[in-house]
Amino acid sequence: MQIDKEIKQKGIENKVPISLDSTLSFICQTINSNNFKSVLEIGTAVAYGTITIAENTSCTHIDSLEIDPERYAIATQNVKAHNLNNKINLFLCDAINYIKTTNKTYDFIYLDGPKGQYINYLPYLIKLLNKGGVLLADNLYFHGMVTGKIPISKGCRAMIKGLKNYITAIKTSPELKTQILDIGDGLGYSIKI
Ligand SMILES: C[S@@+](CC[C@H](N)C(=O)[O-])C[C@H]1O[C@@H](n2cnc3c(N)ncnc32)[C@H](O)[C@@H]1O
C-alpha cells in the first residue's frame, strides 16, 4: 500500500489521531475486492486515510467530513498537493448535519468520527449505504476499554457505553450482517443486506 509518510509523521508529531495502516490496508482490500465506487468517511483529520484510500483503490469518489477547521484546512492542502481534488470532496461540518440531510448513497462508509456518537449515527448511515455495501467502524475496542482489558478512564464512560450500544445494535440489526474484526483497534464490519 502506498502511503504519504510525511503526512503520517506530521500527524503523529502534532498528536492528530490518524488511522492505523493495518486498518487502511484492510479498507483498501475491501473496496478493491468488491469494486466499490463511492466512499463516505466520517472524520477526515488531515486526510491521511482519505488520500491513502484514494491512491490505493479503484473507488471513483470520496466524500469526507471534518468538524475541526484547522484539520480541515490541512486536509485541504494535503488533498491539493496530491492532485486528488477530482476524487476527494472535503466537507467542513458536523457529520450529523450531513448524514441527516444528504440525498447521496454510498458503497462504503468509514465511520471514524466521534466514538460516542456512532450509535446515534447508525440509523442515518444504514439509509445512506447501498445494498451490499459495507459500513466499517473503527476503534470498537477503544484501546481495550470496551473489551475490559483495561479499566475505563473516568472521562470515557459515556463514550464506552455508546460504543457498546453500537456493537449490540450492529450485531442485532435485521438490515446488517456484522462481524467484529480483530484488526487495528477493533473494526465493526457490517454488510447491508
Ligand atoms: C480518528 S480521527 C480521523 C482519522 C482519519 N479518518 C484518518 O484516517 O486519518 C477523527 C476525526 O473526527 C473528527 N470529528 C469529531 N467529531 C466530529 C463530528 N461531529 N463531525 C465530523 N468530524 C468530527 C475529529 O476532529 C477528528 O479529526
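Overview of the structure. These figures come from a predicted structure and were not determined experimentally.

Moving on, we come to the layout of surface pockets. Each pocket or cavity is described by its volume, and for the largest pocket that value is around 670 Å³. Lining the largest pocket are 34 residues, with P17, I18, A45, D112 and K115 sitting closest to its centre. The set of elements that each furnish at least two residues to the lining of the largest pocket consists of α1 (5–13), β1 (38–42), α3 (48–56) and β2 (61–66). The biggest single contributor to the lining of the largest pocket is α1, with three residues. Of the residues in the lining of the largest pocket, the class split is 15 nonpolar, eight polar and 11 charged. When residues of the lining of the largest pocket are assigned to domains, at least three fall in each of domain 1 (1–16 + 28–104) and domain 2 (114–193). Here the second largest pocket defines a volume of roughly 230 Å³. Taken together, 13 residues line the second largest pocket, and the ones lying closest to its centre are E6, I7, K10, I74 and N78. Secondary structure elements with two or more residues in the lining of the second largest pocket: α1 and α4 (69–81).

Here we take up α3. For α3, a buried count of eight out of nine residues is recorded, marking the element as mostly surrounded by other parts of the structure. On the buried face of α3, the contacting elements are α1, α2 (21–34), β1, β2, α4 and β3 (88–92).

Pairing is mixed across the open sheet formed by seven strands, whose spatial order is β3-β2-β1-β4-β5-β7-β6. Of all strands in the sheet, those with a lone pairing partner are β3 and β6 (176–181), marking the two edges. Adjacent strand axes in the sheet meet at a mean angle of 15° when their direction is disregarded. Both β1 and β2 contribute to a ladder of five bridges, which runs parallel. Considered in β2, the bridge of S38 is made with H61. On top of the sheet, α2 reaches β1, β4 (106–111), β5 (129–137), β6 and β7 (187–192); it is set at about 170° to β4, its chief contact. Sheet strands touched by α4: β2 and β3. Its angle to β3, the strand with the most contacts, is close to 165°.

Right, let's get into the environment of A137. Inspection of the secondary structure assignment puts A137 in strand β5. In sequence terms A137 and I109 are 28 residues apart; their C-alpha atoms lie 8.2 Å from each other. Residues contacting A137, with those up to four places away along its chain left out, are L111, Y118, Y166, G186, L187 and G188.

Attention shifts here to unusual backbone geometry. The phi angle at N35 is positive, at roughly 55°, despite the residue not being glycine. Structurally, the position occupied by N35 is in the loop between α2 and β1. Phi at F142 is positive, roughly 40°, even though this residue is not glycine. With respect to the helices and strands, the residue F142 is situated in the loop between β5 and α7 (157–172). Exposure remark for F142: the relative accessible area of 13% places this residue in the buried category.

The subject of this paragraph is the pattern of salt bridges. A complete count under the given rule lists four salt bridges for this structure. Between K8 and D21 there is a salt bridge whose closest N-O contact spans 2.7 Å. On the criterion of sequence distance, the pair formed by K8 in helix α1 and D21 in helix α2 is long-range, its members being 13 residues apart. For K104, the salt bridge goes to D63, with nearest N and O atoms at 2.8 Å. Residue K104 is found in the loop between α5 (95–101) and β4, and its partner D63 is found in strand β2; the two are separated by 41 residues along the sequence. We classify D63 as buried; its relative accessible area is 0%.

Let us now look at the site of the ligand. As a matter of local geometry, the ligand sits amid 22 residues, with S19, G43, E66, A95 and D112 nearest to it. Within the contact set of the ligand, a nitrogen atom lies 2.9 Å away from a side-chain nitrogen or oxygen of D94. Protein coverage of the free-state accessible area of the ligand, which is 610 Å², stands at 89%. Applying the majority rule of atoms within 2 Å of the grid points places the ligand in the largest pocket. The set of elements that each furnish at least two residues to the shell around the ligand consists of α3 and β2. Residues that form the shell around the ligand fall into these classes: 11 nonpolar, five polar and six charged.

Calculation criteria
- Residues numbered from 1 in each chain as written.
- Predicted model: local features only at pLDDT ≥ 70, side-chain atom pairs only at ≥ 80, totals over all residues.
- Heavy atoms only, no water.
- 1 Å grid on protein atoms, 1.4 Å probe; cavity = no way out; pocket = protein on both sides within 12 Å on 5 of 7 lines; lining within 4 Å.
- Points joined across faces, edges and corners; volume = space filled by probe spheres on them.
- Helix = DSSP H or I, 4+ residues; strand = E, 2+ residues; numbered from the N terminus.
- Nonpolar A, V, L, I, M, F, W, Y, C, P; charged D, E, K, R; others polar.
- Domains from an automatic or database assignment.
- Buried < 20%, exposed > 50% of the residue type's maximum accessible area, 1.4 Å probe, protein only.
- Contact = heavy atoms within 4.5 Å.
- Pairing = 2+ DSSP bridges.
- Axes fitted to C-alpha atoms, helices over the stretch in contact; angles between N-to-C directions.
- Salt bridge = Lys/Arg side-chain N within 4 Å of Asp/Glu carboxyl O.
- Near = heavy atom within 4 Å.
- Polar contact = N/O pair within 3.5 Å; in protein donor to acceptor, adjacent residues only side chain to side chain.
- Areas by Shrake-Rupley, 256 points an atom, 1.4 Å probe, with all protein chains shown as cover.
- Sits in = over half its atoms within 2 Å of the grid points.

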